[in-house]
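For reference, the chains in residue letters:
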Amino acid sequence: MPTQAKREMIDAMVELLKKSDAVFITEYRGLSVAQITDCRRRIRQAGGEMKVCKNTLMRIALTECEMPQASEIDTGPNGYVMSYGDAAAVAKAIRDYGKEKGNEALVVKGAILGGKVLTKEQVFALADLPSKDQLIAQVVGTIAAPLRGLVTVLSGPQRGLVNALSQIKDKKDAA
């Protein structure tokens, strides 16, 4: 039976897990306090939150939220990064931070997304996707393209008439 402090930690993690759409599992061993603070700041800017929790307590919290266990990758000291909206942006923030010189100690182990456990390679593929805002802009651009073409076609005769009248005016001014 968990102690009261452990129960409170589990309850806090359950609340965070219920709000999140993805959980990234990272290993932070070898990073200084300043580096971890910088990493957390970048994750927060991307729409996520990094928490350090005992693996056993996180397993209990995942079970209570009916999420899959990632027992093959949740060994050692782990930082759990919860994403609250755009999982691709959070994955990109974690990947980019780990690639920077001096921050190689931050290792992405995997993730839990959509009821499935993702591998490190799948997390990096997710990080390569455009952000949610970019995808929305692409969809809007695709929807607007036919309308833009229609406006161009419909304005063609008026433009031709204006050009013809302008040339007639120029000829009369020259004569």
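Residues numbered from 1 in each chain as written. Predicted model: local features only at pLDDT ≥ 70, side-chain atom pairs only at ≥ 80, totals over all residues. Heavy atoms only, no water.

Peer 1: Mind laying out the overall build of the protein chain, listing which residues take part and the relevant values?
Peer 2: Helix and strand content of the protein chain: 6 helices and 5 strands. For 175 residues, the compact-globule estimate of 2.2 N^0.38 gives 16 Å, and the C-alpha radius of gyration of the protein chain, at 27 Å, exceeds that figure by more than 25%. Overall size of the protein chain, expressed as C-alpha extent along the three principal axes, is 100 × 35 × 25 Å. Every one of the 175 residues in the protein chain was classed for burial, and the buried ones make up 33%. Restricting to contacts in the protein chain with at least 6 residues of sequence separation, those with at least 24 account for 81%. Of the charged side chains in the protein chain, 25 are positive and 20 negative; the average position of the first set lies 4 Å away from that of the second. (Helix = DSSP H or I, 4+ residues; strand = E, 2+ residues; numbered from the N terminus. Rg over C-alpha atoms; globule rule 2.2 N^0.38 Å. Buried < 20%, exposed > 50% of the residue type's maximum accessible area, 1.4 Å probe, protein only. Contact = heavy atoms within 4.5 Å. Lys, Arg positive; Asp, Glu negative; His and termini not counted. Charge placed at Lys NZ, Arg CZ, Asp CG, Glu CD.)

Peer 1: Describe the packing of helix 2 (residues 33-46) against helix 4 (residues 87-99), with residues and values.
Peer 2: At their nearest, the axes of helix 2 and helix 4 sit 8 Å apart, and the two run at 155° to each other. Classified by the interaxial angle, the pair formed by helix 2 and helix 4 is roughly antiparallel. Crossing of helix 2 over helix 4 shows right-handed handedness. Touching Gln 35, Ile 36, Asp 38, Cys 39, Arg 42, Ile 43 and Ala 46 of helix 2 are Ala 89, Val 90, Ala 93, Ile 94 and Tyr 97, all from helix 4. By residue class, the composition of the contact of helix 2 with helix 4 is 9 nonpolar, 1 polar and 2 charged. (Axes fitted to C-alpha atoms, helices over the stretch in contact; angles between N-to-C directions. Parallel < 35°, antiparallel > 145°, perpendicular 65-115°, else oblique. Left-handed = near helix turned anticlockwise from the far one by under 90°. Nonpolar A, V, L, I, M, F, W, Y, C, P; charged D, E, K, R; others polar.)

Peer 1: So what's going on with the packing of aromatic side chains? Residues and values would help.
Peer 2: Counted according to the given criterion, the structure contains 0 aromatic pairs. Note that Lys 19 overlies the ring of Tyr 84, its terminal NZ or CZ placed 5.4 Å from the centroid. (Phe/Tyr/Trp six-rings, centres within 6.5 Å; stacked < 30°, edge-to-face > 60°. Lys NZ or Arg CZ within 6 Å of the ring centre and 35° of its normal.)

Peer 1: Tell me what's going on with a nonpolar patch on the surface, and back it up with residues and numbers.
Peer 2: There is a patch of nonpolar side chains on the surface, built from Leu 161, Leu 165 and Ile 168 and spanning about 290 Å² of accessible area. Assignment of secondary structure puts Ile 168 in helix 6 (residues 132-174). Ile 168 gets classed as partly exposed once you look at its relative accessible area, which sits at 46%. (Patch = residues over 30% accessible without salt bridge, like charges linked within 9 Å, V, L, I, M, F, W, Y side chains within 5 Å. Areas by Shrake-Rupley, 256 points an atom, 1.4 Å probe, with all protein chains shown as cover. Salt bridge = Lys/Arg side-chain N within 4 Å of Asp/Glu carboxyl O.)

Peer 1: Before we move on, can you summarise the sheet that holds strand 5 (residues 116-118) with the specific residues and values?
Peer 2: The antiparallel open sheet is built from 5 strands, whose spatial order is 2-3-1-4-5. At either margin of the open sheet sits one strand with a lone partner, and together these are strand 2 (48-52) and strand 5. Along the sheet, successive strands turn relative to each other by an average axial angle of 20°, direction set aside. With 6 bridges connecting them, strand 1 (residues 22-27) and strand 3 (residues 78-83) associate as antiparallel partners. Bridge pairing links Val 23 to Met 82 in strand 3. (Pairing = 2+ DSSP bridges.)

Peer 1: Let's hear about unusual backbone geometry: which residues, and what values?
Peer 2: Unusually for a residue other than glycine, Glu 66 sits at a positive phi of about 55°. Relative to the assigned elements, Glu 66 resides in the loop between helix 3 (55-64) and strand 3.

Peer 1: So, the side chain of Arg 95: which residues are in play, and what are the values?
Peer 2: Mapping Arg 95 onto the fold places it in helix 4. At 2.4 Å, the side chain of Arg 95 and the side chain of Asp 128 are in polar contact. (Polar contact = N/O pair within 3.5 Å; in protein donor to acceptor, adjacent residues only side chain to side chain.)

Shape is all these values report; function is a separate question.
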